[in-house]
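# Observations on chain architecture
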Amino acid sequence: MSADPAASERWLSIVGIGEDGVDGLSPLARRAIERAAFVFGGTRHLALAAELITGEAIPWPSPFAIDGVLARRGAAVTVLASGDPFLHGVGNLIARHVAPAEMLVVPAPSAFSLAASRLGWPLAEITTLSLHGRPLDLIRPHLFDGARLLILTSDGAAPAEIATLMAKAGFGPSRLTVLEALGGPAEAIRTATAAQFKLATIHPLNVLAVEVAAEPGAHILPRSAGLPDQLFENDGQITKREIRALTLSALAPRPGEQLWDIGAGSGSVGIEWMLADRRMRAIAIEPNAGRGDRILQNTAAFGVPGLELVRGSAPEALAGLPRPDAIFIGGGVSRPGVIDTAIAALPSGGRLVINAVTLETEALLIARHGTHGGDLIRISLDRARPLAGMTGWEPARPVVQWSWVKP
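This section reports on the structure supplied with the text. Predicted, not measured: the structure shown is a model, and the values here were computed from it. (Residues numbered from 1 in each chain as written. Predicted model: local features only at pLDDT ≥ 70, side-chain atom pairs only at ≥ 80, totals over all residues. Heavy atoms only, no water.)

### Focus: the pattern of salt bridges
Just so we agree on the cut-off: Note on definitions: salt bridges are taken to be side-chain nitrogens of Lys or Arg within 4 Å of carboxyl oxygens of Asp or Glu. Secondary structure elements follow DSSP: runs of H or I no shorter than four residues count as helices, runs of E no shorter than two count as strands, and numbering proceeds from the N terminus. A 1.4 Å probe rolled over the protein chains alone gives each residue an accessible area, and that area as a share of the maximum for its type sets the label: buried under 20%, exposed over 50%, partly exposed in between.
The final tally for this structure, using the stated rule, is 17 salt bridges. Note that Glu-102 and Arg-73 form a salt bridge whose closest N and O atoms lie 2.8 Å from each other. Of this pair, Glu-102 sits in the loop between α4 (90–94) and β5 (103–106) while Arg-73 sits in the loop between α3 (67–71) and β4 (77–82), placing them 29 residues apart in sequence. Under the relative-accessibility criterion, Arg-73 is labelled partly exposed at 41%. Of the charged contacts in the structure, one is a salt bridge between Glu-316 and Arg-335, with a shortest N-O distance of 3.2 Å. With Glu-316 in the loop between β13 (308–310) and β14 (326–329) and Arg-335 in the loop between β14 and α10 (338–345), this residue pair connects regions lying 19 residues apart in the sequence. A relative accessible area of 53% places Glu-316 in the exposed class.

### Digging into the sheet that holds strand β2 (residues 38–41)
The cut-off we apply is this: Should DSSP find at least two bridges between two strands, the strands are regarded as paired. Axis lines are fitted through C-alpha atoms, for helices just across the contact stretch, and the angle between N-to-C directions can take any value from 0 to 180 degrees. Every residue pair with non-hydrogen atoms within 4.5 Å of one another is taken to be in contact.
In spatial order, the strands read β3-β2-β4-β1-β5; together these five strands make up an open sheet with parallel pairing. Edge positions in the sheet fall to β3 (56–59) and β5, since each of these pairs with one other strand and no more. The mean inter-strand angle of the sheet, taken between neighbouring strand axes irrespective of direction, is 20 degrees. Across the sheet, helix α1 (residues 27–34) is in contact with β1 (12–17), β2, β4 and β5; its angle to β1 comes to roughly 125 degrees.

### Focus: the pairing of strand β8 (residues 175–180)
With five of its six residues buried, β8 lies for the most part within the structure. As judged from the six bridges shared by β8 and strand β10 (residues 206–211), these two strands associate in the antiparallel manner. Residue pairing for β10: Arg-175 is matched across the bridge by Glu-211.

### Quick word on the packing of aromatic side chains
As a reminder of what qualifies: Classification of ring pairs rests on two measures: the distance between centres of Phe, Tyr or Trp rings, Trp counted by its six-membered ring, which must be within 6.5 Å, and the angle between planes, read as stacked under 30 degrees, edge-to-face over 60 and tilted in between. Whether a charge sits over a ring depends on NZ of Lys or CZ of Arg being within 6 Å of the ring centre and within 35 degrees of the ring normal.
This structure, assessed with the given rule, holds four aromatic pairs. Between Phe-232 and Phe-302, the ring centres sit 4.5 Å apart and the planes meet at 20 degrees, which makes this aromatic pair stacked. Within this pair, whereas Phe-232 is found in the loop between β10 and α7 (241–251), its partner Phe-302 is found in the loop between α9 (289–301) and β13, the two being separated by 70 residues in sequence. Per residue, the accessibility class of Phe-232 equals that of Phe-302, and both read buried. Through pairs of rings, three or more aromatic residues link up here, namely Phe-40, Trp-60 and Phe-64. A cation over an aromatic ring shows up here: Arg-72 above the ring of Phe-38, its NZ or CZ 4.8 Å from the ring centre. One Lys or Arg, Arg-148, reaches over the ring of Trp-121 and ends 4.9 Å from the middle of that ring.

### A word on helix α11 (residues 359–372)
Note: α-helices contain 3.6 residues per turn, so residues at a spacing of three or four share the same orientation. Heads up, the condition is: Between the first and last residue of a helix there are one fewer steps than residues, each counted as 1.5 Å, and that sum is the expected span. Here, the arc refers to the directions that run from the helix axis to the C-beta atoms.
The end-to-end C-alpha separation of α11 is 20 Å, in line with the 20 Å expected for 14 residues at 1.5 Å each. The complete set of buried residues in α11 reads Thr-361, Leu-365 and Arg-368. Down the axis of α11, the smallest arc covering the buried residues is 60 degrees, so these residues share one side. Residues of α11 that are exposed and angled more than 90 degrees away from the buried face: Leu-359, Glu-360, Gly-370 and Thr-371. Buried residues along α11 sit in contact with α10, β15 (351–356), β16 (375–379) and β19 (399–405). Positive backbone phi, approximately 85 degrees, marks Gly-373, located one or two places after α11.

### Observations concerning helix α8 (residues 268–275)
Most of α8 is tucked away: eight of the eight residues are buried. All of the buried residues in α8 are Ser-268, Val-269, Gly-270, Ile-271, Glu-272, Trp-273, Met-274 and Leu-275. Where α8 is buried, its residues contact α7, β11 (258–262), β12 (281–285), α9, β14 and β15.

### Considering the sheet that holds strand β6 (residues 127–130)
Read across the open sheet, the five strands follow the order β6-β7-β10-β8-β9; overall the sheet is mixed. Edge positions in the sheet fall to β6 and β9 (188–193), since each of these pairs with one other strand and no more. The sheet shows a mean angle of 20 degrees between the axes of neighbouring strands, taken without regard to direction. Here helix α5 (residues 111–119) sits on the sheet and contacts β6, β7 (148–152), β8, β9 and β10; the angle it forms with β7, its principal contact strand, is near 140 degrees.

### Points about the packing of α7 against α8
Note the cut-off: Comment on the angle field: the value is read as roughly parallel under 35 degrees, roughly antiparallel over 145, roughly perpendicular from 65 to 115, and oblique elsewhere. Here is the rule for handedness: rotate from the far helix to the near one, and if that takes an anticlockwise turn smaller than a right angle the crossing is left-handed, while a clockwise turn gives right-handed. Residues are sorted three ways: Asp, Glu, Lys and Arg are charged, Ala, Val, Leu, Ile, Met, Phe, Trp, Tyr, Cys and Pro are nonpolar, and all the rest, Gly among them, are polar.
Between α7 and α8, the shortest axis-to-axis distance is 10 Å and the interhelical angle comes to 55 degrees. It follows from the interaxial angle that α7 and α8 lie oblique. Between α7 and α8 the crossing geometry is right-handed. Across the interface between the two elements, Arg-244, Leu-248 and Leu-251 from α7 touch Ser-268, Val-269, Glu-272 and Trp-273 from α8. Tallied by class, residues from the contact of α7 with α8 come to four nonpolar, one polar and two charged.

### With respect to unusual backbone geometry
With the exception of glycine, most residues fall at negative phi, and the peptide bonds are largely trans. Each neighbour pair has its own omega, and for Ser-62 with Pro-63 the value is 0 degrees, a cis peptide bond. You can see Pro-63 is positioned in the loop between β3 and α3. Here the amide bond leading from Ala-314 into Pro-315 is cis, since omega sits at 10 degrees, within 30 degrees of zero. Secondary-structure assignment places Pro-315 in the loop between β13 and β14. Even without being glycine, Thr-201 reaches a positive phi, approximately 50 degrees. Along the polypeptide, Thr-201 turns up in the loop between β9 and β10. By relative accessible area, Thr-201 is classed as exposed at 78%. Positioned with a positive phi, Ala-252 is a non-glycine residue whose angle comes to about 50 degrees. Secondary-structure assignment places Ala-252 in the loop between α7 and β11.

This is the structure we're talking about:
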């Protein structure tokens, strides 16, 4: 490979290195290491590249930080990373502080690419996840019969922990393949089912390949809005399934947006918002301690541990929260200042949805509709129930919903 003509103008090089060490590096990557006055990397990375390092080798500090790299801006600096630096790697963090024009990046094959090549899996057609340093519950939304997953793990214990989670959720027959130290002399590939996972002494650098097989009754999460109420731990304070589906339709979730779920109850609306896309963000505001605990249980069960819980009452608890793109108020509507604070927090184009079940809160929404506009609907549902040995219609409590988009 010829030298990059712009490389001389770039003070920072980011070089991906695999378990095969310097043998897998291109000439350009080798030169970036040899010419660096400072080489940053993990202890393992520095050892793999040791024969090429002529400058000062600097291991990453604990806790991890890139301050040392940024402090040497303008010097010849090289950062060593695993595989592709921009696939769950250090490159993503560095790019927040260093412009592309200041960097020369030489990636190596990612762990996902290596795993797919060993298994013969089409990488574009499977789900890839990083559970490195993240809650294992994140796997739950991706468990359905026939799914194939590639998962970056944290250590040698993680594959067994994932197998246990899957077996308990009804995915015991799933085939799990552990791909260890890919690309290096210690590479190994072993397979077991989730229910009978007994692989021992797993290399800490591993990728877990999962071929999901569901047992009858497995905990598979539907992707449509309006999940069954019984899936949520709740004390009766829950936005019911049909109302929740209409509420989410009005909230109109878009990838990467932030929701405030005020008076969250069971957290059902925020959880379904998070399930719409892995980039979604949500904050549940709930003053009741027991309900707050249930929200945390539900976020784990639905695989959305990133949903943040704020224990407190609006509007006081809203101070200092990240700006929302949409707000749902399911409880505490009548508290002074709640609606006005929500309206003030929204940006132009932000959505506000409020549900009311009492005459008092209904009157508030009618008044707001009169002054602000938006959509005001009354939702009535009847459910078939046993009645004196036969079946009859039982009306549910009607809900008035006001939805509004901020100009």
